[in-house]
There are 2 protein chains.
Amino acid sequence: MIVAVIGLGLIGGSMAIESRKSAEVTKILGVDHHPQHAQEALELGLVDEIVSIDQLGVADQVIVSIPVNRIGEVVMQVLDVLHPEAWVMDSGSTKAATCRLVDTHSKRNQYLAAHPIAGTENSGPSAAHEGLFAGKTNIICDHEKTDSRFFEHAQAFFSLLGMKSVFMNAEDHDKHVAYVSHLSHVSSFLLGQTVMDIEKDERNIFALAGSGFESTVRLAKSSPDMWAPIFEQNTEHLGRALQEYIMHLQKFQYLLMKKDTQALHQLMSEANKIRPVLQGIALQNGSKEAKSTQYAKMGLDIDS
Amino acid sequence: MIVAVIGLGLIGGSMAIESRKSAEVTKILGVDHHPQHAQEALELGLVDEIVSIDQLGVADQVIVSIPVNRIGEVVMQVLDVLHPEAWVMDSGSTKAATCRLVDTHSKRNQYLAAHPIAGTENSGPSAAHEGLFAGKTNIICDHEKTDSRFFEHAQAFFSLLGMKSVFMNAEDHDKHVAYVSHLSHVSSFLLGQTVMDIEKDERNIFALAGSGFESTVRLAKSSPDMWAPIFEQNTEHLGRALQEYIMHLQKFQYLLMKKDTQALHQLMSEANKIRPVLQGIALQNGSKEAKSTQYAKMGLDIDS
């Protein structure tokens, strides 16, 4: 069985690494429009050969892991050349626009829309590593549009990665990830920028920052090449989430200025209800015990 | 030497634990207006005896670790009863209001204003633990107002805790922590609340959240009893920081709605400059190697 990976970055490269574990996989082809990334992926042994999309007629499974604004068109090109027993999946963080486009292809049932909730703030072929997906959640969208035999192949592949699957339609997916993922990234990017802006003349002031700041701003290290297209594709849902967030911040500021400490206390007590939710996320994210316990053990803690 | 700790929570309790390591310390007294906390601290062996503030004439060193809105008045009461060779310090997260009040006391030179940048999201005597302060930064404010021999005692105590000291005046302290600590907490509290608000009918949607969300919202677990007074005491600086943050978010939203993806990309690239800053914080926070490396090793990573 021949696997092809388009986009040899963190996600695509890591999927190539996991694919090697399957006894059925005889060859892994790679496609990347950055010649340097392609060369690096070859040297790292992530893939066996670099090819172009029009050569993918030989592939039995194709994985598309590129910025979301280009996924739809690339999946269309792949479907054009795929043989009848082959299938293609993507790993994009937004799904509605891609699915709307691919729905128009006569070979739509050879495509599966997926969003593995995994990654690090690092990117490129050298960031790829084994075990990235183990225990993580994979969101599969509109799976009823995929032929059942390809859906079964896909399930086997996600089992190989060690992932749990969750199913929803593409629109619901985009709405929910706007809140539980994209908004966190925006808040982190802009928190980092706000603080750098104010403190630009006194960089050593960051000596005062504790691990709480570090934790809150960590996502500001994420790749703009990946995130700008995600934000562009999820403008409507993210815009609404951002509006809600700004309203909450403005309400907080109003209470702060009014010196209504009791109302601020109440508001924070409400926010504390996130504790069991976060515990659940830590548990589900593949750790044997909750990560909060791991944090404590490592002495990763919050500044005050 | 007799040490007394007022406020037997995470910080005060952990300082009691570290104080035991000094061969000079013969007894540790505890003061807490929650009878249950006092009892728990006794049972845990954090302190040897529970007393009241007016009995602190026997103490040689007094540590005040209570919510910031009450620190000033309590330090004043302690100074009233302290013997001439004893000193008192506090560990509050805001310093200007406390210092303004204590500056009026005739025994001001027996007081040292400190802010150890350490803590966890847990609170109470049972959260106290050894090693909490090791390698962390301690901010000492207006130290020229403290008698040099007490300042030397204080330096020896912070060495015992394993802390590095940074010096600044109380006003500058409050301004800088508004940005590098308090604003992170506000952003986290309200991000948690925004997402819970929207997703309240679909709690299982958090199954889609990855460790990126977990990291960004972690501070929302912090204690309102501790944070409401901090926000109240730092209204002016925090209000300005919050205003800047909201303006950045609104600018982002404007660019998002305009579909100006290039400008969003540019903005995120600017935010990426936080990367070396965060690396520095991780290094300085007492880990032998940067925590980001530890995160990677543990598979603590960012959802996409």
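Residues numbered from 1 in each chain as written. Chains lettered and ligands numbered in written order. Predicted model: local features only at pLDDT ≥ 70, side-chain atom pairs only at ≥ 80, totals over all residues. Heavy atoms only, no water.

> Any details on the overall build of chain A? Residues and values, ideally.
Scanning chain A from terminus to terminus reveals twelve helices and eight strands. The C-alpha atoms of chain A give 21 Å as radius of gyration, which agrees with the globular expectation for 304 residues (19 Å, within 12%). Along the three orthogonal principal directions, the C-alpha set of chain A runs to about 70 × 40 × 40 Å. Summed over its atoms, the accessible surface of chain A is roughly 11,100 Å², and 51% of this surface lies on carbon and sulfur atoms. Computed over 26 positive and 37 negative side-chain charges, the separation of the two mean positions in chain A equals 7 Å. (Helix = DSSP H or I, 4+ residues; strand = E, 2+ residues; numbered from the N terminus. Rg over C-alpha atoms; globule rule 2.2 N^0.38 Å. Areas by Shrake-Rupley, 256 points an atom, 1.4 Å probe, with all protein chains shown as cover. Lys, Arg positive; Asp, Glu negative; His and termini not counted. Charge placed at Lys NZ, Arg CZ, Asp CG, Glu CD.)

> Describe the domain arrangement of chain A, listing the residues and the values that go with them.
Residues and elements named next belong to chain A. Split into domains, chain A comes out as domain 1 (2-169) and domain 2 (172-296). Domain 1 and domain 2 are separated by 30 Å when their C-alpha centres are compared. In this assembly, 20 residues from domain 1 lie in contact with 20 residues from domain 2. Counting each side, the surface lost to burial between domain 1 and domain 2 is near 1,600 Å², with a carbon and sulfur contribution of 56%. On the domain 1 side of the contact with domain 2, Ser93, Thr94 and Glu121 bury the most area, a combined 33% of that side's loss. Between the two partners, domain 1 and domain 2, sit zero salt bridges. One can count six residue pairs in polar contact (both at pLDDT 80 or more) joining domain 1 with domain 2. Every element with two or more residues in the side of domain 1 that touches domain 2 is listed here: helix 3 (68-81), helix 4 (96-102), strand 7 (137-141) and strand 8 (164-168). Among the residues making up the side of domain 1 that touches domain 2, the classes are represented as seven nonpolar, nine polar and four charged. (Domains from an automatic or database assignment. Contact = heavy atoms within 4.5 Å. Buried area = accessible area lost by both parts, 1.4 Å probe. Salt bridge = Lys/Arg side-chain N within 4 Å of Asp/Glu carboxyl O. Polar contact = N/O pair within 3.5 Å; in protein donor to acceptor, adjacent residues only side chain to side chain. Nonpolar A, V, L, I, M, F, W, Y, C, P; charged D, E, K, R; others polar.)

> Tell me what's going on with the sheet that holds strand 6 (residues 111-116) of chain B, and back it up with residues and numbers.
All names here are of chain B. Taken in spatial order, the eight strands make up an open sheet running 3-2-1-4-5-6-7-8, and their pairing is mixed. Where the open sheet ends on each side, the last strands, each with one partner, are strand 3 (49-50) and strand 8 (164-168). One ladder, built from four bridges, connects strand 4 (residues 61-64) with strand 5 (residues 87-90); its direction is parallel. Following the sheet pairing, valine 64 is matched in strand 5 by aspartate 90. (Pairing = 2+ DSSP bridges.)

> Please set out unusual backbone geometry residue by residue, giving values where relevant.
Outside of glycine, negative phi angles account for most residues, and trans bonds account for most peptide bonds. Residues and elements named next belong to chain B. A positive phi angle is found at aspartate 142, which is not glycine, with a value near 50°. Here aspartate 142 is to be found in the loop between strand 7 (137-141) and helix 5 (148-161). On the accessibility criterion, aspartate 142 (7% relative accessible area) is buried. A positive phi angle is found at lysine 259, which is not glycine, with a value near 60°. Locating lysine 259 in the fold gives a position in the loop between helix 9 (235-257) and helix 10 (261-271). Lysine 259 gets classed as partly exposed once you look at its relative accessible area, which sits at 49%. (Buried < 20%, exposed > 50% of the residue type's maximum accessible area, 1.4 Å probe, protein only.)

> Can you explain the packing of aromatic side chains? Please cite residues and give values.
Using the criterion set out here, one finds nine aromatic pairs over all chains in the structure. When the ring of A:Phe157 is compared with that of A:Phe158, the centres are 5.7 Å apart and the planes differ by 55°; the resulting orientation is tilted. Considered together, A:Phe157 and A:Phe158 belong to a single accessibility category, that of buried residues. One aromatic cluster is present, formed by A:Trp227, A:Phe231 and B:Phe252 through successive ring pairs. (Phe/Tyr/Trp six-rings, centres within 6.5 Å; stacked < 30°, edge-to-face > 60°.)

> Mind laying out the interface of chain A and chain B, listing which residues take part and the relevant values?
One widely used convention gives an interface's size as the accessible area the parts lose upon coming together. Residue-level contacts link 109 residues of chain A with 109 residues of chain B. Interface of chain A and chain B: buried area, both sides summed, is about 11,100 Å²; carbon and sulfur atoms make up 65% of it. Counting every contact that joins chain A to chain B gives zero salt bridges. Joining chain A to chain B, the criterion identifies 26 residue pairs in polar contact (both at pLDDT 80 or more). At 19 residues, helix 6 (residues 170-198) of chain A tops the list of elements feeding residues into the side of chain A that touches chain B. A per-class count over the side of chain A that touches chain B returns 54 nonpolar, 36 polar and 19 charged.

> Describe helix 10 (residues 261-271) of chain A, and please don't skip the residues or the numbers.
Listed as buried for helix 10 of chain A are A:Thr261, A:Leu264, A:Leu267, A:Met268 and A:Ala271. Down the axis, helix 10 of chain A shows its buried residues gathered within 120° of arc, on one side only. (Arc of directions from axis to C-beta.)

> Please give an account of the side chain of A:Thr235 that cites residues and values.
Within the secondary structure layout, A:Thr235 lies in helix 9 (residues 235-257). Among the residues examined, A:Thr235 registers a relative accessible area of 8% and is labelled buried. Reaching out from A:Thr235, the side chain makes a polar contact with the backbone oxygen of A:Glu232 at a distance of 2.9 Å. Among residues more than four places away in sequence, those in contact with A:Thr235 are B:Leu256, B:Met257 and B:Lys259.

> Which residues make up the pattern of salt bridges, and what values do they have?
All names here are of chain A. One pass over the full model with this rule turns up 24 salt bridges over all chains. A salt bridge links lysine 145 to aspartate 103; the nearest nitrogen and oxygen atoms lie 2.9 Å apart. A residue pair is termed long-range when its members are at least 10 positions apart, and lysine 145 in the loop between strand 7 and helix 5 (148-161) and aspartate 103 in the loop between helix 4 and strand 6 (111-116) qualify at 42 residues. Taking relative accessible area as the criterion, lysine 145 reaches 34% and is therefore assigned partly exposed.

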